[in-house]
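Structural features, examined
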Amino acid sequence: MGRGHATQIDPATVGVDEAQENRAGESGSYCVGVAALPPDYDTDPARVRSGDRAWQVFGDVHEPVAARIQAEALVPVLDVGGGHGRLEELLPAGWPAFVLDPSPTQLAEALLLKARADARRLPISEASVGAVAMLWMLYHLEDPAAAISEARRVLRPGGLFAASTSARNNDPELTDGYPPTTFDAEEAAEIVASVFGDVTVERWDGPMTRLPDHDAVLRYCRSHLLPAEAAERVTPPVWLTKRGCLVYARKRSARGAR
Ligand SMILES: C[S@@+](CC[C@H](N)C(=O)[O-])C[C@H]1O[C@@H](n2cnc3c(N)ncnc32)[C@H](O)[C@@H]1O
């Protein structure tokens, strides 16, 4: 998965429920001059496999998103760019949830309800789903706002949108900064707000990933597209400072942009 894959949330310590209202800029205007992160899921599947969820001591965003979907009884669920289908694994058995992803390699590990599809053109009817998740994937798109607009199109009024990403100053123990992408935590809320209007943002900034030994550090670097030399900056066991955000938005009405 992309570099955000191993970012975690610890609601107890990092200020979940920090609600922010964000007003829109123009769709796509945040992405000028910044390249999307090229997907490598079919060309280098070993990179994704080099990561390990066990390092994420406090879990990932999938847990709180699945809990909110369940609490609000949102059906059906579309997990766009859903990869291995982690979100679906966390929903109760039989919950109508579909993984859409363009990568056959990623989809091979997902549960039964899955299909190849691109976030920019969802093969789904307008106003027909209860929730759309775009977790750790919008940085792969040159114009994330276009995909978010697709999510809004297929949501029913009252439906929930969720997207997550990491910050450029994530993992400061290993890097002085990740290269900018089209959907980093620094701008993610504004980009989602450019489509939905108001958003709610949950941010984290704290030690959340524990790498037990040098091999884990090397594998983490590989999974996050960091050079192997970055591993020399730390002495394991090491805690990494994770920085990122989870953005929620709701489709308010059947017509109009907001
Ligand atoms: C880092 S993985 C995240 C997978 C999953 N959302 C999760 O959180 O575990 C990014 C996923 O985005 C998918 N992806 C890349 N480009 C996409 C696109 N244009 N439309 C939909 N999904 C895309 C990749 O195939 C990959 O499965």
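Residues numbered from 1 in each chain as written. Predicted model: local features only at pLDDT ≥ 70, side-chain atom pairs only at ≥ 80, totals over all residues.

Some thoughts on the overall build of the chain
Rules: Labels follow the DSSP assignment, with helices taken as runs of H or I lasting at least four residues and strands as runs of E lasting at least two, numbered in each case from the N terminus. Burial in this document is a count-based property: other C-beta atoms within 10 Å of a residue's C-beta are tallied, and the residue is buried at 20 or more, exposed at 12 or fewer, or partly exposed in between, with C-beta positions derived from the backbone. A pair of residues counts as a contact when their C-beta atoms, built from backbone coordinates, are within 7 Å of each other.
In terms of helices and strands, the chain carries 7 helices and 7 strands. From first element to last, N terminus to C terminus, the chain shows the α and β order α-α-β-α-β-α-β-β-α-β-α-β-α-β. Burial analysis of the chain (258 residues in total) assigns 46% to the buried set. Across the chain, the fraction of contacts at a sequence separation of at least 24, relative to all contacts at a separation of at least 6, is 75%.

Some details on the sheet that holds strand E6 (residues 200-211)
The criterion, for reference: In this description, strands pair whenever DSSP reports at least two bridges between them. Note on definitions: angles span 0 to 180 degrees between N-to-C directions of axes, and those axes are lines fitted to C-alpha atoms, for helices only across the stretch in contact.
With mixed pairing, 7 strands are arranged side by side in an open sheet as E3-E2-E1-E4-E5-E7-E6. Edge positions in the open sheet fall to strand E3 (114-115) and E6, since each of these has one partner strand only. In this structure, E6 lies alongside strand E7 (residues 238-250), joined through 11 bridges in antiparallel fashion. If you follow Pro207 over to E7, its bridge partner there is Thr241. Packing of helix H2 (residues 62-71) onto the sheet brings it into contact with strand E1 (77-80), strand E4 (129-135) and strand E5 (155-166), and relative to E4 it is tilted by some 175°.

Considerations on helix H6 (residues 185-196)
Using the following cut-off: One fewer than the residue count of a helix, multiplied by 1.5 Å, yields its expected span.
With 12 residues, H6 should reach 16 Å at 1.5 Å per residue; the first-to-last C-alpha distance of 17 Å fits that figure. Counting buried residues in H6 gives 10 out of 12 residues, a clear majority hidden from the surface. Looking at H6, one finds that the buried residues are Ala185, Glu187, Ala188, Ala189, Ile191, Val192, Ala193, Ser194, Val195 and Phe196. Of the surrounding elements, those touching the buried residues of H6 are helix H5 (144-154), E5, E6 and E7. Gly197 sits one or two residues past H6 and shows a positive phi near 90°.

Description of the confidence of the model for the chain
Inclusion rule: Each residue carries a pLDDT value, the predictor's own confidence for that position, ranging from 0 to 100.
Looking at the chain, pLDDT values average 88 and 86% of them are 70 or higher. A low-confidence stretch, residues 1-29 (pLDDT under 50), is modelled with 88 contacts involving residues beyond four sequence positions or located in other chains.

Digging into the nonpolar core
Inclusion rule: Here, a nonpolar core means buried Ala, Val, Leu, Ile, Met, Phe, Trp, Tyr and Cys residues linked by C-beta atoms lying within 7 Å of one another.
Ranked by internal contacts, the top residues of the largest apolar core, which has 57 residues, are Val132, Ala133, Met134, Leu135, Phe161, Val192 and Val247. When residues of this core are assigned to their parent elements, the largest contribution, 8 residues, is made by H6. The contacts of Ala133, once residues within four sequence positions are left out, are Val65, Val77, Asp79, Val80, Leu87 and Ala162. Val217, Tyr220, Cys221 and Ala231 belong to the second largest nonpolar core, which has 9 residues in total.

Notes on the packing of H5 against H6
Packed helix pairs are specified by the crossing angle of their axes together with the interaxial distance, meaning the distance between the axes. The condition that has to hold: Should an angle fall under 35 degrees it is called roughly parallel, over 145 degrees roughly antiparallel, and 65 to 115 degrees roughly perpendicular, with every other angle called oblique. By convention the crossing between two helices is left-handed if the near helix lies anticlockwise of the far one by an angle smaller than a right angle, and right-handed if it lies clockwise. For this classification, Asp, Glu, Lys and Arg are treated as charged, while Ala, Val, Leu, Ile, Met, Phe, Trp, Tyr, Cys and Pro are nonpolar and the rest, including Gly, are polar.
It is at 9 Å that the axes of H5 and H6 come closest, and there the two elements cross at 45°. In terms of orientation, H5 and H6 fall into the oblique class. When the axes of H5 and H6 are compared, the crossing they make is right-handed. Taking contact as the criterion, the partners of Pro144, Ala145, Ile148, Ser149 and Arg152 in H5 are, on H6, Ile191, Val192, Ser194, Val195 and Phe196. Broken down by class, the residue content of the contact of H5 with H6 amounts to 7 nonpolar, 2 polar and 1 charged.

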